[in-house]
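Descriptive structure summary
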Amino acid sequence: MPRQATPERVNDFTLKLANVNGTGSASANGLLMKSFFRMGIPVAGKNYFPSNIQGLPTWYEIRVSREGHRARSGRIDLMVAMNAQTYSQDLLELAPGGYLLYDSTWPRPHVLSRDDITVLGVPFAQMCNEHFEGARTRILMKNMVYVGSLAALLDIDMAVIERLAQDNFGKRPGLVEANMKAIRMGWDYAKENFQCPLPLRVSPMQATEGMIMIDGNTAAGLGCVYAGATVGAWYPITPSTSLMDAYRSFCARFRADPESRERRYCVIQAEDEMAAIGMVLGASWAGARAFTPTSGPGISLMSEFIGYGYFTEIPAVIFDVQRVGPSTGLPTRTQQGDITLAAYASHGDTRHPVLFPSDPTECFDMAVQAFDLAERLQTPVFVLSDLDIGMNDWMCRAPRWDDAYTPDRGKVLSAVELERIEKFRRYADDDGDGIPWRSLPGTHPKGAYFTRGSGHNEAAGYTEDAGEYERLMQRLARKFATAASLVPAAVMHQAGRKTRLGLISIGSCDDAVSEARGRLSAEGIHSNYMRIRAFPFGPEVQAFLDNHEQLFVIEQNRDGQLRTLLINECDIDGRRLESIRHFDGLPMAAAPLVSAIRERLRKGAAA
């Protein structure tokens with residue numbers, strides 16, 4: 001037993017489950033997290049899994065937070081140690097006063113020795129061997145036994161668990177019965193052998209109304225359907241493949257004629273990423289809304305075609321679900337390492353609009369915005385998600401949809417308009433915004449032109465004239481300036497009192513930064529916060545830089561890529577932008593941010 005009693009913590013703790021990849025623990029862990037959610041308690045789940053198929057350690061971290069925090073807590077209060085290979089590591093991660101639940105079928109007192117924690121042993125394997133037949137069934141049911149034990153220890157509503165089991169396995173009644181049998185076995189053992197509930201426990205709330213549990217890739221795939229995308233081409237790559245899987249699933253449900261079963265969409269698995277982006281550009285050139293999901297290595301391979309899309313001014317949407325690089329890197333860990341890659345992809349002078357969603361709801365919203373921007377601006381547009389957003393389940397606001405939405409197709413000439421004009425000039429800037437008018441193939445003979453990636457003039461004719469090339473590149477720069485007025489503006493959070501301290505961040509850093517601001521404010525350190533949602537930066541970004549004396553740029557990569565982009569694109573001395581970087585592949589937590597900001601402010605004051 002621990003030397004000091006653990007204070008009661010209701011709806012405020014972190015549970016981590018250590019398993020072996022490929023043992024079916026995902027269903028059990030998901031059931032646990034959804035149980036908290038259905039009890040009305042805010043919850044967040046993070047899955048840390050290896051890049052091989054099975055056999056290596058995997059962890060699932062569940063944060064229960066009555067305050068609604070979704071970032072990692074930075075501490076583990078209860079560890080379920082189901083993998084003997086990681087016992088030592090799992091033991092070290094536990095906070096003082098914490099609890100370790102393990103399979104006592106094989107007692108390991110020498111491994112589980114810590115005076116400041118409570119060790120709870122349950123003979124999971126023995127119980128399953130006695131009550132279930134078949135090796136695979138016993139492995140799967142062992143996970144459900146620990147769900148039952150945790151339900152008793154944490155005071156989870158068993159009625160909620162049973163309803164979830166019905167939802168998950170209802171089409172196969174035998175599975176419902178087997179899973180509930182295992183869960184009740186774990187419940188009964190914990191009730192008979194331990195004091196239940198623990199000081200760490202849950203209590204029903206009503207804090208999840210209007211919220212859903214969804215991952216970013218599923219939300220983005222649904223957003224593509226709502227945006228009117230009809231063509232998707234991709235080459236499988238972790239962690240983006242499930243985005244196309246979701247899109248295909250939604251299309252099969254909503255884009256197939258109910259009588260003829262004719263499919264009104266096209267999904268193509270290409271031979272590589274280069275082929276995938278080429279297919280997207282071809283479909284977009286023909287008038288379809290088309291996209292490809294990929295990750296950093298895929299963007300590297302696509303770069304030449306991305307430059308082609310930029311120079312020939314063909315719409316395209318590219319979802320980059322970032323992972324750890326360089327090279328193959330850590331393909332199942334998260335990072336924000338593709339910021340400058342996406343912004344300047346391809347050789348020569350290229351700049352691309354980039355959207356930065358912070359959670360699955362914004363993945364849905366920004367999927368729709370990306371297609372509108374791509375066609376309005378006639379250029380490739382990136383949506384820069386990451387593995388944490390894309391593959392983890394998030395509690396977030398349910399997406400809202402306006403049934404009056406009409407896709408923004410941009411400057412597209414109709415047959416009537418083409419008939420009226422004397423001559424169609426594909427790359428002429430008639431309106432001064434840098435965006436030319438385009439035609440879709442087959443609309444009218446006057447709209448025909450040759451699409452070329454080499455030098456071209458306003459009429460799309462081939463040229464190597466220096467003046468014409470310079471005018472073309474200047475127009476593309478004007479178009480990018482126009483984009484700054486069309487992309488989503490940065491979100492501003494003001495302190496409750498006047499301050500000259502400003503925090504800047506993007507994407508999945510948002511929850512950790514927001515939580516850190518709250519902790520710092522409680523210490524008397526007040527800050528304004530700007531979450532950048534898009535590149536190019538709008539005027540509000542420059543204004544924020546101008547209005548703060550001390551600025552911290554918080555991001556998840558080694559080299560400070562967001563800071564680099566701000567220095568490149570804004571009027572600011574780089575020495576004014578202090579960089580706080582997190583890049584170990586795990587999602588960001590608030591505690592290290594609080595420590596880093598507090599320490600740097602202390603040093604600055606001392607200087």
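Because the structure is predicted, anything quoted here is derived from the model rather than measured.

Quick word on the pairing of strand S21 (residues 550-555)
By the criterion of burial, S21 is predominantly enclosed, with 5 of the 6 residues buried. Two strands pair when backbone bridges link them, and S21 and strand S22 (residues 577-581) are joined in this way by 5 bridges, in the parallel orientation. By the bridge assignment, Val553 is partnered in S22 with Ser579. Since S21 and S22 lie parallel, the crossover through helix H18 (residues 561-569) that links them has a hand, and here it is right-handed.

Brief notes about empty space enclosed by the protein
A complete count under the given rule lists 8 cavities of 30 Å³ or more for this structure. Of the volumes computed, that of the largest cavity is approximately 60 Å³. Residue lining of the largest cavity: Tyr310, Arg351, Pro353, Leu377, Thr379, Leu476, Lys479, Phe480 and Ala483, and that is the complete set. Here the lining of the largest cavity takes 4 residues from helix H15 (residues 466-483), the largest share from any one element. For the lining of the largest cavity, a count of residues per class yields 6 nonpolar, 1 polar and 2 charged.

Digging into the sheet that holds strand S19 (residues 528-532)
Taking strand neighbours across the sheet as the criterion, the 5 strands line up as S17-S19-S18-S21-S22 in an open arrangement whose pairing is mixed. Strands at the two margins of the open sheet, each flanked by one partner only, are strand S17 (491-493) and S22. Shown here is a sheet whose adjacent strand axes are inclined to one another by a mean of 20 degrees, direction ignored. With 5 bridges joining them, strand S18 (residues 501-506) and S21 adopt parallel strand pairing. The residue of S21 that forms the bridge with Leu501 is Gln550. Strand contacts of helix H16 (residues 510-522): S17, S18, S19 and S21, with the helix running at about 175 degrees to S19, the strand carrying the most contacts. The strands that H18 touches are S18, S19, S21 and S22; relative to S21, the one it contacts most, it runs at about 130 degrees.

So, the layout of surface pockets
What the largest pocket holds in volume is close to 530 Å³. In terms of lining, the largest pocket is formed by 22 residues, of which the most central are Ser25, Ala26, Ser27, Asn47 and Tyr60. Only helix H1 (25-38), strand S4 (57-65) and helix H5 (158-169) provide two or more residues apiece to the lining of the largest pocket. If one sorts the elements of the lining of the largest pocket by residue count, H1 sits on top with 7 residues.

Here we look at the state of the cysteines
Evaluation of the coordinates by the stated rule reveals 0 disulfides. Not engaged in a disulfide, the cysteine Cys396 finds its nearest cysteine sulfur in Cys363; these two sulfurs lie 8.8 Å apart.

Overview of the nonpolar core
Core analysis: the largest hydrophobic core is formed by 55 residues, its most contacted members being Leu15, Ile62, Tyr146 and Leu150. Considering each element in turn, this core owes the most residues, 10 residues, to helix H4 (residues 135-154). When neighbours within four sequence positions are excluded, Tyr146 is seen to be in contact with Leu17, Asn19, Ser25, Ala28, Asn29, Leu32, Val80, Met82 and Phe124. Counting 44 residues, the second largest nonpolar core, distinct from the first, contains Ile306, Phe356, Phe535 and Val553.

Remarks on the sheet that holds strand S3 (residues 43-48)
Read across the open sheet, the 6 strands follow the order S3-S4-S2-S5-S6-S7; overall the sheet is mixed. Pairing within the sheet leaves two strands with one partner each, and these edge strands are S3 and strand S7 (118-122). On average, adjacent strands in this sheet sit at an angle of 15 degrees to one another, irrespective of strand direction. Contacts from H4 reach strand S2 (12-20), strand S5 (76-81), strand S6 (94-103) and S7 within the one sheet, and its direction differs from that of S2 by about 165 degrees.

A short note on the packing of aromatic side chains
Across all of its chains, the model carries 17 aromatic pairs by this definition. Note on Phe291 and Phe319: the rings are 5.8 Å apart at their centroids and 90 degrees apart in plane angle, and the pair reads as edge-to-face. You can see Phe291 sitting in strand S12 (residues 290-294) and its partner Phe319 sitting in strand S13 (residues 316-322), a full 28 residues away along the chain. Assigned by exposure class, Phe291 and Phe319 land together as buried. The rings of Tyr226, Phe364, Trp401 and Tyr405 are connected pair by pair, giving a single aromatic cluster. Directly above the ring of Trp394 sits Lys46, whose terminal nitrogen or CZ lies 4.2 Å from the centroid. The ring of Phe132 is capped by Lys181, whose NZ or CZ atom sits 4.9 Å from the centre of that ring.

A few points about the pairing of S5
The buried fraction of S5 is high, at 6 of 6 residues. The pairing of S2 with S5 spans 4 bridges and is parallel. Each residue of the ladder has a partner; that of Ala18, found in S5, is Ala81. Sheet topology places S5 next to S6; 5 bridges connect them, and they run parallel. Counterpart to Val80 in the pairing with S6 is Leu101. Assessed by its sense of winding, the connection that carries the chain from S5 through helix H2 (residues 87-93) to S6 is right-handed.

Focus on a nonpolar patch on the surface
Where nonpolar side chains cluster on the molecular surface, the patch consists of Met274, Leu301 and Phe305 and spans about 260 Å² of accessible area. With respect to the helices and strands, Met274 occurs in helix H9 (residues 273-285). According to the relative accessible area criterion, Met274 is partly exposed, its value standing at 40%.

Side note on helix H7 (residues 216-227)
Compared with the 16 Å implied by 1.5 Å per residue over 12 residues, the 16 Å span of H7 between its first and last C-alpha is a close match. Here H7 lies mainly inside the structure; 10 of its 12 residues are buried. Along H7, the residues that are buried comprise Gly216, Asn217, Ala219, Ala220, Gly221, Leu222, Gly223, Cys224, Val225 and Ala227. Lining the buried residues of H7 we find strand S9 (211-215), helix H8 (241-254), S12, S13, helix H12 (360-377) and helix H13 (387-391).

Brief notes about the packing of H1 against H4
The relative placement of two packed helices is expressed as an angle between their axes plus a distance between the axes. Close contact between H1 and H4 brings their axes to 9 Å; oriented N to C, the two are set at 25 degrees. For the element pair H1 / H4, the angle class is roughly parallel. The crossing of H1 and H4 is right-handed. The residues of H4 that touch H1, namely those facing Ser25, Ser27, Ala28, Asn29, Leu31, Leu32 and Phe36, are Asn143, Met144, Tyr146, Val147, Leu150 and Leu154. By residue class, the composition of the contact of H1 with H4 is 9 nonpolar, 4 polar and no charged.

Calculation rules
Residues numbered from 1 in each chain as written. Predicted model: local features only at pLDDT ≥ 70, side-chain atom pairs only at ≥ 80, totals over all residues. Heavy atoms only, no water. Buried < 20%, exposed > 50% of the residue type's maximum accessible area, 1.4 Å probe, protein only. Helix = DSSP H or I, 4+ residues; strand = E, 2+ residues; numbered from the N terminus. Pairing = 2+ DSSP bridges. Right-handed = clockwise from strand over helix to strand, strands pointing away. 1 Å grid on protein atoms, 1.4 Å probe; cavity = no way out; pocket = protein on both sides within 12 Å on 5 of 7 lines; lining within 4 Å. Points joined across faces, edges and corners; volume = space filled by probe spheres on them. Nonpolar A, V, L, I, M, F, W, Y, C, P; charged D, E, K, R; others polar. Axes fitted to C-alpha atoms, helices over the stretch in contact; angles between N-to-C directions. Contact = heavy atoms within 4.5 Å. Disulfide = S-S within 2.5 Å. Core = buried A, V, L, I, M, F, W, Y, C linked by side-chain atoms within 4.5 Å. Phe/Tyr/Trp six-rings, centres within 6.5 Å; stacked < 30°, edge-to-face > 60°. Lys NZ or Arg CZ within 6 Å of the ring centre and 35° of its normal. Patch = residues over 30% accessible without salt bridge, like charges linked within 9 Å, V, L, I, M, F, W, Y side chains within 5 Å. Areas by Shrake-Rupley, 256 points an atom, 1.4 Å probe, with all protein chains shown as cover. Salt bridge = Lys/Arg side-chain N within 4 Å of Asp/Glu carboxyl O. Expected span 1.5 Å × (residues − 1). Parallel < 35°, antiparallel > 145°, perpendicular 65-115°, else oblique. Left-handed = near helix turned anticlockwise from the far one by under 90°.

Geometric descriptors of this kind do not, in isolation, establish any biological role.
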